[in-house]
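# Per-entry structural report
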Amino acid sequence: MAPRSPAPSPVRAEVRDELLWSQLQALIAVARLGSFTKAAQRLNLSKAAVSQRIADLERHLDQQLVQRTTRSVRLSEAGSRLVEQAEPGLALLSRSLGEARESAGAPRGLLRVTAPVALGRQHVAPALPAFFERYPELRIELDLSDRLVPLAQEGFDLAIRHTSAPPDTHVAFKLCPSRALLTASPAYLARAGRPQHPAELAQHHCLPYLRPGPAQWFFERAASAPAPERLRVPVQGLFRASNSEVLRDAALSGLGIALLPDFSARDAMRDGRLVEVLPDWRAVGFFGDAIYAIHPWSSHTPQGVRLLVDHLKGVMAGGY
């Protein structure tokens, strides 16, 4: 009698299952994003690692799953069928595991959050005491920086961003709308006159945000017909800065006209220390039109992240 083949080792089967899980994740990410580069960013892997996982899966199944050219990436018929069948099950399993972990007790652990300096100082940090009252076992490290850091690489769980286009390689939660406001102090306008058209800003002291290249603002008047009237206005003044709080304070001191995000201008406009200039025109293309909370992509959002996002949504509801 021929000797029987040994039964597969449970340890080896577990390792093989774990590898298949990661390989299927890579295939699904490539299928949904249409790019090895974007899939690698979403999975926090190198492009080579994503390619290797898919190649290993193709060898395991003895089928080509991805058809690669110099210009495009698309799934073969077998690859499309596998993604269609496997994706719902993997998403359900990932969600179930996450919920099981979270049901073990009260929310706890560390959340690392990054936010722009002005937005973080004025609105994120003041919202945290009430959050800690509700969830005393959660801890937060808040890094204030105007540098756009790579979240997964630098270990951040969440970024608060002022943008119009959150990255499609991350999970983005819209917290509230936002808009840019052209503002000045009543004292400056009394002294220098109130501009009636964006072109007149060239004759005023303006307070541009410090960015590379010439200082210029773009405006749109949506009420104009048949299409919105758009203008580009070069601006100059005595002072430039890379922080909206600093520019707001310069405008309050009467140094000139400042283009500010609404969350920095709000309080000073409410009490009349700043007033809106050219209200019939809308500044475009400079600040984002919404504030987002952005989380590195995963099929399951951690409980602490979800709770903080919900809290910030409640605090910022309605915008500024």
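Residues numbered from 1 in each chain as written. Predicted model: local features only at pLDDT ≥ 70, side-chain atom pairs only at ≥ 80, totals over all residues. Heavy atoms only, no water.

### Comments concerning the confidence of the model for the chain
Summarising the model, the chain shows a mean pLDDT of 85, and 86% of its residues fall at 70 or more. Taken as a whole, residues 5-15 scores under 50 in pLDDT and shows zero contacts with residues more than four places along the chain or in a different chain. (pLDDT = per-residue confidence, 0-100. Contact = heavy atoms within 4.5 Å.)

### Quick word on the nonpolar core
Leu 182, Leu 201, Trp 217, Phe 219, Val 235 and Leu 259 are the most contacted members of the largest nonpolar core, which has 32 residues in total. Listed by contribution, the elements that provide at least two residues to this core are β7 (180-184), α7 (186-192), β8 (206-207), β9 (216-221), α8 (244-252), β11 (257-261) and α9 (262-270). Excluding anything up to four places from it in sequence, Val 235 contacts Leu 201, Cys 206, Pro 208, Ala 215, Gln 216 and Trp 217. Core analysis: the next-biggest nonpolar cluster, separate from the first, contains 27 residues, Ala 118, Tyr 135, Leu 158 and Ala 293 among them. (Core = buried A, V, L, I, M, F, W, Y, C linked by side-chain atoms within 4.5 Å. Buried < 20%, exposed > 50% of the residue type's maximum accessible area, 1.4 Å probe, protein only. Helix = DSSP H or I, 4+ residues; strand = E, 2+ residues; numbered from the N terminus.)

### Brief notes about the sheet that holds β8
Read across the sheet, four strands follow the order β8-β11-β7-β12 without closing on themselves; strand pairing throughout is mixed. Only two strands of the sheet have a single partner each, and these edge strands are β8 and β12 (275-276). Sheet topology places β7 next to β11; four bridges connect them, and they run antiparallel. Bridge pairing in β11 places Ala 180 opposite Pro 261. Along the sheet face, α8 touches β8 and β11 and points at about 145° away from the line of β11. Set on the sheet, α9 makes contact with β7, β11 and β12; between it and β11 the angle comes to about 115°. (Pairing = 2+ DSSP bridges. Axes fitted to C-alpha atoms, helices over the stretch in contact; angles between N-to-C directions.)

### Comments concerning the sheet that holds strand β13 (residues 282-284)
Reading across from one edge, β10-β9-β13 is the order of the three strands in this open sheet, with antiparallel pairing throughout. Where the open sheet ends on each side, the last strands, each with one partner, are β10 (229-234) and β13. Neighbour-to-neighbour, the strand axes of this sheet turn through a mean angle of 35°, independent of strand direction.

### A few points about the packing of aromatic side chains
This model, assessed by the stated rule, comprises five aromatic pairs. Seen from their ring centres, Phe 131 and Tyr 135 are 5.1 Å apart, and the 55° between their planes marks the pair as tilted. An angle of 80° between the planes, with centres 5.0 Å apart, marks the rings of Phe 286 and Phe 287 as edge-to-face. Summarising the burial analysis for this pair, Phe 286 and Phe 287 share the class buried. Put simply, the rings of Phe 131, Phe 132 and Tyr 135 pair up and form one aromatic cluster. Here the guanidinium or amino end of Arg 211 rests over the ring plane of Phe 286, the centre of that ring lying 4.1 Å away. (Phe/Tyr/Trp six-rings, centres within 6.5 Å; stacked < 30°, edge-to-face > 60°. Lys NZ or Arg CZ within 6 Å of the ring centre and 35° of its normal.)

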